[in-house]
Each structure stands twice: as structure tokens, then as C-alpha cells.
Amino acid sequence: NAGVTQTPKFQVLKTGQSMTLQCAQDMNHNSMYWYRQDPGMGLRLIYYSASEGTTDKGEVPNGYNVSRLNKREFSLRLESAAPSQTSVYFCASSVVEAFFGQGTRLTVV
Amino acid sequence: QQQVKQSPQSLIVQKGGISIINCAYENTAFDYFPWYQQFPGKGPALLIAIRPDVSEKKEGRFTISFNKSAKQFSLHIMDSQPGDSATYFCAASYSYGKLTFGQGTILTVHP
């Protein structure tokens, strides 16, 4: 029972590079989320998807795009990475309880 | 804007003591209030949750107290153990939707 799987676990990017963070869940959940975690700020919602085919902006969407590829997969793309996007990124899925992946630690230099 | 405010930022207690973490929310539409526990290098995991139609919920050593009129809720950890050392987040949502998190509390329980 894998739950929510995120790849990669660690990544270092140079300013201006692009990358996609992958997330997949095997719990047949409709809702999926991307959060970023920064010290002293808790987890802040970047984007979410209430169901396959829909996506909506969260609290901090600037600089990010998302794709809900199918019910299982929800990816987060950084088109032109900036040092301010250095953070730990968490994907989650839910019906009632939200289940989180292990996180992707991203450093932008 | 920070719709859920959490305090303290950090907390140190002795083994066997009581840990208390407080949260306050602004949006009266919130109707689901979970607490998450996070260990270093891991994702948050649900610890306990409450809905506003009850004032208290207890699961083992963990209790949520909820005060709807004050728009506050708190987590009490009884008989705190070193294994409880972690970061704790309160959160709130409407209709089990997207969660708004507090800033987090780093709990350290000394043996």
C-alpha cells in the first residue's frame, strides 16, 4: 500500500531551469494538492485539484503550473526556477483525511 | 493572510508532562479541524481531528479541545514521551476540502 508517492526526493536546480515534480496516489482519491513548507510558515497551498480535469490556484501559485494527468497523477511544474522557490514540496490526496507524500526537497541556486 | 494562527512556535517539556499547543482561526465557515504530526524527513500524518459540533475529542494520550465561540482549538498531549518529539500542525478546512495550516510547533520532550 504505497499511498502518495512523490519523485524526486531531492533536487538542486540552477536559477532559470525548469523541472516537474511528480505525484501519484493509489487510494482512488478525487482531491489532490500541492503544498510548500518553509520554516515558520507551515504548509501553504500552491494548487489543488478537486477532481480529474479540474485545477485551482491556492495561496501561493505564482511561478508554478500543474497538470492533473488522470485520477492518480498530479504534477507540479516550475517553468523558470527562482531561489525563492527553495522549499520542501508536499503532494497530498484526500477524501476526508489528507494523506501526504514524503516530500521533495528542492534547492534553487 | 494567515487564517489559522498557531502558538507556541516551540515547546520543551519533560517526560511525563503535558504538552499544550493552541490555534485560533478566523473563517467561521471552517468545519473540520485536524492536527498533523510530522517527523524529520517525513510528510505530515493525521494525528486527530474534530468537527465543531463537539467540544472535546480524545484518542489515547491526545485530546483536542474546541471552543467555537472563541474560534480556538488546542491539542493536549498527556504523559508526553520522547517519541512525541516532532512538529505539530493544526489545520482547518471547509467541507473536507483544501486545508489551511498553522505555522507549526516544534515539540521536544526531554527524557
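Read on for an overview of the structure.

Each value, and the rule that gives it
Residues numbered from 1 in each chain as written. Chains lettered and ligands numbered in written order. Predicted model: local features only at pLDDT ≥ 70, side-chain atom pairs only at ≥ 80, totals over all residues. Heavy atoms only, no water. Helix = DSSP H or I, 4+ residues; strand = E, 2+ residues; numbered from the N terminus. Rg over C-alpha atoms; globule rule 2.2 N^0.38 Å. Buried < 20%, exposed > 50% of the residue type's maximum accessible area, 1.4 Å probe, protein only. Pairing = 2+ DSSP bridges. Axes fitted to C-alpha atoms, helices over the stretch in contact; angles between N-to-C directions. Patch = residues over 30% accessible without salt bridge, like charges linked within 9 Å, V, L, I, M, F, W, Y side chains within 5 Å. Areas by Shrake-Rupley, 256 points an atom, 1.4 Å probe, with all protein chains shown as cover. Salt bridge = Lys/Arg side-chain N within 4 Å of Asp/Glu carboxyl O. Contact = heavy atoms within 4.5 Å. Buried area = accessible area lost by both parts, 1.4 Å probe. Polar contact = N/O pair within 3.5 Å; in protein donor to acceptor, adjacent residues only side chain to side chain. Nonpolar A, V, L, I, M, F, W, Y, C, P; charged D, E, K, R; others polar. Phe/Tyr/Trp six-rings, centres within 6.5 Å; stacked < 30°, edge-to-face > 60°.

Each helix and strand in chain A was counted, giving 0 helices and 11 strands. Expected size for 109 residues packed as a compact globule is a radius of gyration near 13 Å; at 13 Å, chain A falls within 12% of this value. The principal-axis extent of the C-alpha atoms belonging to chain A is close to 35 × 25 × 25 Å. Residue burial in chain A is summarised as follows: out of 109 residues, 48% are buried.

Residues and elements named next belong to chain A. Across the sheet, which stays open at both edges, the 4 strands sit in the order β1-β3-β8-β7 with antiparallel pairing between neighbours. In the strand order of this sheet, the two ends are held by β1 (4-7) and β7 (64-68), each with one partner. Going from strand to strand, the sheet's axes swing by 15° on average, the running direction of each strand aside. Pairing of strand β3 (residues 19-25) with strand β8 (residues 74-78), which is carried by 3 bridges, proceeds in the antiparallel orientation. Bridge pairing links T20 to R77 in β8.

Residues and elements named next belong to chain B. Together, I18, I20 and M78 make up a nonpolar patch on the protein surface, roughly 240 Å² of accessible area in all. Turning to its location among the elements, I20 is positioned in strand β3 (residues 19-25). Judged by its relative accessible area of 36%, I20 is partly exposed.

Here we come to the interface of chain B and chain A. Facing the 18 residues of chain B at the interface are 19 residues of chain A. Considering only the surface of chain B that becomes buried against chain A, Y96, K98 and F101 of chain B emerge as the three largest contributors, covering 31% of it. Scanning the region where chain B abuts chain A turns up 0 salt bridges. Linking chain B with chain A are 4 residue pairs in polar contact (both at pLDDT 80 or more), by the criterion used here. When the residues that make up the side of chain B that touches chain A are grouped by side-chain class, the tally is 8 nonpolar, 8 polar and 2 charged.

So, on to the packing of aromatic side chains. Under the defined criterion, the tally for this structure stands at 19 aromatic pairs over all chains. Here the aromatic rings of Y32 of chain B and Y96 of chain B are separated by 4.9 Å at their centres, their planes lie at 70°, and the arrangement is edge-to-face. Of this pair, Y32 of chain B sits in the loop between β3 and β4 (33-38) while Y96 of chain B sits in the loop between β9 (86-92) and β10 (100-101); the two residues are 64 residues apart in sequence, bridging distant segments of the chain. A residue is classified by how much of its surface remains accessible, and Y32 of chain B, at 6% relative accessible area, is buried. Every member of this aromatic cluster is reached through a ring pair, and the members are Y33, Y35, Y48, F90 and F100 of chain A together with Y36, F89 and F101 of chain B.

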